[in-house]
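# Summary of structural features
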Amino acid sequence: MADKQISLPAKLINGGIAGLIGVTCVFPIDLAKTRLQNQQNGSRLYTSMSDCLIKTIRSEGYFGMYRGAAVNLTLVTPEKAIKLAANDFFRHHLSKDGKLTLLKEMLAGCGAGTCQVIVTTPMEMLKIQLQDAGRLGKRKLQTLMPETVAAGTVETKSPTAMQLTRQLLREKGIAGLYKGLGATLLRDVPFSIIYFPLFANLNNLGKRGAEGPAPFYVSFVSGCVAGSTAAVAVNPVDVIKTRLQSLNRASTEDTYSGVTDCIRKIMRNEGPAAFLKGAYCRALVIAPLFGIAQVVYFLGVGEFILSFLPAQSL
């Protein structure tokens, strides 16, 4: 993050606000990413991101693009707050005289990525079921009503996040919400190792003088570039994580017992290119999400909000 000293409550507020704004802006693209990553050869309903969004609006309405958004909006605040604040925490304790080597920057990112999966895994688990419900509903009706499905006029119902949570807890306990934890770690730790050092170094290039802060637009662009780069780099693991966390599948689609089994079946049945499914969607989601996060930090929104609170309440 920025080099200026920010209190922990302000960091948590900054991270939460950045997550709420970012998710609201890019959630439809994230839905398209999930559906594109989950469809397998022989069961393709969507040919591209735009095709997916158009068909979703036609069959599920405008708000169909926001399936699962409530889960994300509820949990993205603690998730982003933990990620951003943890990175700052580790950077502070690893720095020497305010300076960090590249290795220590990567270690700080590793720590941040590891901490965030506490919230990220159940959030993604629930979100993926809700996002993919429309695709599965259309898939099941495709053989019975092909003309209706092709026209995009099929209405599909999906369970609520609370129903899914209760079902998972009842059938599998807390472990049910943490299915895909290993794959989430394999995605988020490398992402943070790439993102945070890359952002810090890009942001430093735009600083005003040796000690001055970078302008907000430099922080925004740096966040976008670093975010999209890291997102594409870890997209193969994101495909694996999405497949593993999808509980329901069409009868013709593969099921997976673990990370290794998932890799093997994707390679055998779909080829290496399948690991890049949804990569450009993911880049379009992550770039503004982290660009917005950097601007929120730069503007000091958290400090502004805290300034209205009584000192004894902090």
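Residues numbered from 1 in each chain as written. Predicted model: local features only at pLDDT ≥ 70, side-chain atom pairs only at ≥ 80, totals over all residues. Heavy atoms only, no water.

The protein goes by Mitochondrial glutamate carrier 1 in an unreviewed UniProt entry, where it is assigned to Nothobranchius furzeri. Per UniProt, the comment on the protein under Sequence similarities (unreviewed entry) is "Belongs to the mitochondrial carrier (TC 2.A.29) family." Quoted verbatim from the Subcellular location (unreviewed entry) heading of the UniProt record, the comment on the protein is "Mitochondrion inner membrane". (UniProt positions renumbered as here; feature names shortened; annotations may be inferred.)

### Some remarks on the overall build of the protein
When helices and strands are counted, the protein shows 12 helices and 0 strands. When the helices and strands of the protein are read in sequence order from the N terminus, they spell out α-α-α-α-α-α-α-α-α-α-α-α. Per-residue burial over the protein gives 52% buried out of 314 residues. Put simply, of all contacts in the protein between residues at least 6 apart along the chain, 81% involve residues at least 24 apart. When the accessible surface of the protein is summed, it comes to about 14,400 Å², and 66% of that surface belongs to carbon and sulfur atoms. (Helix = DSSP H or I, 4+ residues; strand = E, 2+ residues; numbered from the N terminus. Buried < 20%, exposed > 50% of the residue type's maximum accessible area, 1.4 Å probe, protein only. Contact = heavy atoms within 4.5 Å. Areas by Shrake-Rupley, 256 points an atom, 1.4 Å probe, with all protein chains shown as cover.)

### Structural notes on the UniProt feature "transmembrane region" (unreviewed entry) in the protein
UniProt's entry tags residues 12-32 and 284-309 with the feature "transmembrane region" (unreviewed entry), counted in the numbering of this structure. Between the first and last C-alpha atoms of residues 12-32 the distance is 29 Å; the span itself is 100% helix and 0% strand.

### Comments concerning the environment of Leu168
The topology assignment puts Leu168 in helix 6 (residues 161-172). Classification of Leu168 by relative accessible area gives buried; the value is 4%. Residue contacts for Leu168: discarding those within four places in its chain leaves Met125, Leu126, Gly173, Gly176, Leu177 and Leu247.

### Structural notes on the packing of aromatic side chains
Summed over the entire model, instances satisfying the criterion amount to 10 aromatic pairs. Seen from their ring centres, Phe27 and Tyr66 are 6.0 Å apart, and the 15 degrees between their planes marks the pair as stacked. Taken together, the residues span a long stretch of sequence, with Phe27 in helix 1 (residues 8-38) and Tyr66 in the loop between helix 2 (49-60) and helix 3 (69-94) at a distance of 39 residues. Ring plane angle 10 degrees and centroid distance 5.9 Å describe the contact between Phe191 and Tyr195, whose orientation is recorded as stacked. With a gap of 4 residues between them, Phe191 and Tyr195 both fall in helix 7 (residues 181-205), about one helical turn apart. The buried category is assigned to Phe191, whose relative accessible area is 2%. A residue is classified by how much of its surface remains accessible, and Tyr195, at 0% relative accessible area, is buried. Each member of the aromatic cluster is reached from another via a ring pair, and the members are Phe191, Tyr195, Phe196, Phe199 and Phe290. (Phe/Tyr/Trp six-rings, centres within 6.5 Å; stacked < 30°, edge-to-face > 60°.)

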